[in-house]
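A look at the structure
Single-letter residue listing:
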Amino acid sequence: MLSAVKWLSSFLVFWTVTAWSDSVSYEQPLYVADITLQNEQEFVQLLERAEQLILAGSPVEAGQPRVTFVLHGPVLRSLLRDDYLENKRLVDLAASLSALEVIDVKACNTWMGLHGLEAGDLQPFVDVVVYGPGEVERLAKTQNYVDF
């Protein structure tokens with residue numbers, strides 16, 4: 001009888017530890033970048049930094065980009081469809097990282113409206129959010145994003 005109790009308690013401890021370890025998440029951190037950069041070179045540097053995540057072998061989950069760029073400021077103009085040829089390197093890098101689901105690019109509609117831009121003016125991989133700083137705060141508070 002005593003050995004049956006020991007076996008049962010050992011089994012319960014093993015089962016509890018196994019169930020707990022299965023529920024523990026070892027996810028990679030998600031990053032958000034609040035971008036008010038003045039020039040394209042700084043944005044390319046941030047994109048290259050994001051690219052390092054995949055070059056270093058960091059896993060990318062389908063449907064969950066690792067870095068979200070929230071753009072509001074003059075650098076947003078580099079993602080205009082009409083200015084593609086002037087910003088080809090930047091746009092191509094951002095588009096490929098977006099397609100690989102390494103990054104998500106969001107534009108602040110408030111900033112765009114103040115500067116006469118519309119969502120249709122942007123490259124197709126850019127999503128528009130109502131207010132950039134609010135989106136950064138939302139991602140940090142509700143989805144545990146950290147600064148990039």
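The following paragraphs examine the structure supplied in this document.

How each quantity is defined
Residues numbered from 1 in each chain as written. Predicted model: local features only at pLDDT ≥ 70, side-chain atom pairs only at ≥ 80, totals over all residues. Heavy atoms only, no water. Helix = DSSP H or I, 4+ residues; strand = E, 2+ residues; numbered from the N terminus. Buried < 20%, exposed > 50% of the residue type's maximum accessible area, 1.4 Å probe, protein only. Contact = heavy atoms within 4.5 Å. Polar contact = N/O pair within 3.5 Å; in protein donor to acceptor, adjacent residues only side chain to side chain. Phe/Tyr/Trp six-rings, centres within 6.5 Å; stacked < 30°, edge-to-face > 60°. Lys NZ or Arg CZ within 6 Å of the ring centre and 35° of its normal. Pairing = 2+ DSSP bridges. Axes fitted to C-alpha atoms, helices over the stretch in contact; angles between N-to-C directions. Parallel < 35°, antiparallel > 145°, perpendicular 65-115°, else oblique. Left-handed = near helix turned anticlockwise from the far one by under 90°. Nonpolar A, V, L, I, M, F, W, Y, C, P; charged D, E, K, R; others polar. Expected span 1.5 Å × (residues − 1).

Looking at the element boundaries, Thr 68 is found in strand β2 (residues 67–71). The class of Thr 68 is buried, set by a relative accessible area of 2%. When near neighbours in sequence (up to four residues on either side) are disregarded, Thr 68 contacts Tyr 31, Val 32, Ala 33, Asp 104, Lys 106, Leu 139 and Tyr 145.

Quick look at the environment of Asp 121 now. As for its placement among the helices and strands, Asp 121 is situated in the loop between α4 (109–114) and β4 (126–129). With near-sequence residues (within four places) excluded, Asp 121 lies in contact with Leu 79, Leu 80, Arg 81 and Gly 116. Within the structure, the side chain of Asp 121 is placed 2.8 Å from the backbone nitrogen of Glu 118, a separation counted as a polar contact.

What the rule picks out here adds up to three aromatic pairs. Each ring, one from Phe 69 and one from Phe 148, has its centre 6.0 Å from the other, and the planes form 90°; the classification is edge-to-face. Pair noted here: Phe 69 is in strand β2 and Phe 148 is in the segment after β5 (146–147), with a separation of 79 residues, a long-range link. Neither residue differs from the other here; Phe 69 and Phe 148 are each classed as buried. Aromatic rings pair up to connect Tyr 31, Phe 43, Phe 69 and Phe 148 into one cluster. One cation-aromatic arrangement involves Arg 49 over Phe 148; the distance from NZ or CZ to the ring centre is 4.0 Å.

Taken in spatial order, the five strands line up as β4-β3-β2-β1-β5 in an open sheet, and their pairing is parallel. Two strands close off the open sheet at either side, each with one partner strand: β4 and β5. By the bridge criterion, five bridges tie β2 to strand β3 (residues 103–108) in an arrangement that is parallel. What sits directly across from Thr 68, in β3, is Asp 104.

Moving on, we come to the packing of helix α2 (residues 40–55) against helix α3 (residues 88–99). Running from amino to carboxyl end, α2 crosses α3 at an angle of 30°, the nearest separation of the two axes being 10 Å. Between α2 and α3, the crossing angle belongs to the class labelled roughly parallel. For the crossing formed where α2 meets α3, the hand is left-handed. Residue-level inspection shows Glu 40, Phe 43, Val 44, Leu 47, Glu 48, Glu 51 and Ile 54 of α2 in contact with α3, the latter providing Arg 89, Leu 90, Leu 93, Ala 94 and Leu 97. Among the residues forming the contact of α2 with α3, the class breakdown is eight nonpolar, no polar and four charged.

Further remarks concern α3. Spanning twelve residues, α3 covers 16 Å between terminal C-alpha atoms, matching the ideal 16 Å at 1.5 Å per step. Where α3 is buried, its residues touch α2 and β3. Following α3 by one or two positions, Glu 101 adopts a phi angle in the positive range, close to 60°.

Right, let's talk about the environment of Arg 81 for a bit. Along the chain, the position of Arg 81 falls in the loop between β2 and α3. The class for Arg 81 is partly exposed, based on a relative accessible area of 44%. For the pair formed by Arg 81 and Leu 122, sequence separation is 41 residues and the distance between their alpha carbons is 5.4 Å. Those residues in contact with Arg 81 that sit more than four places away from it in its chain are Gly 120, Asp 121, Leu 122, Gln 123 and Pro 124. A polar side-chain atom of Arg 81 sits 3.3 Å from the main-chain carbonyl oxygen of Gly 120.

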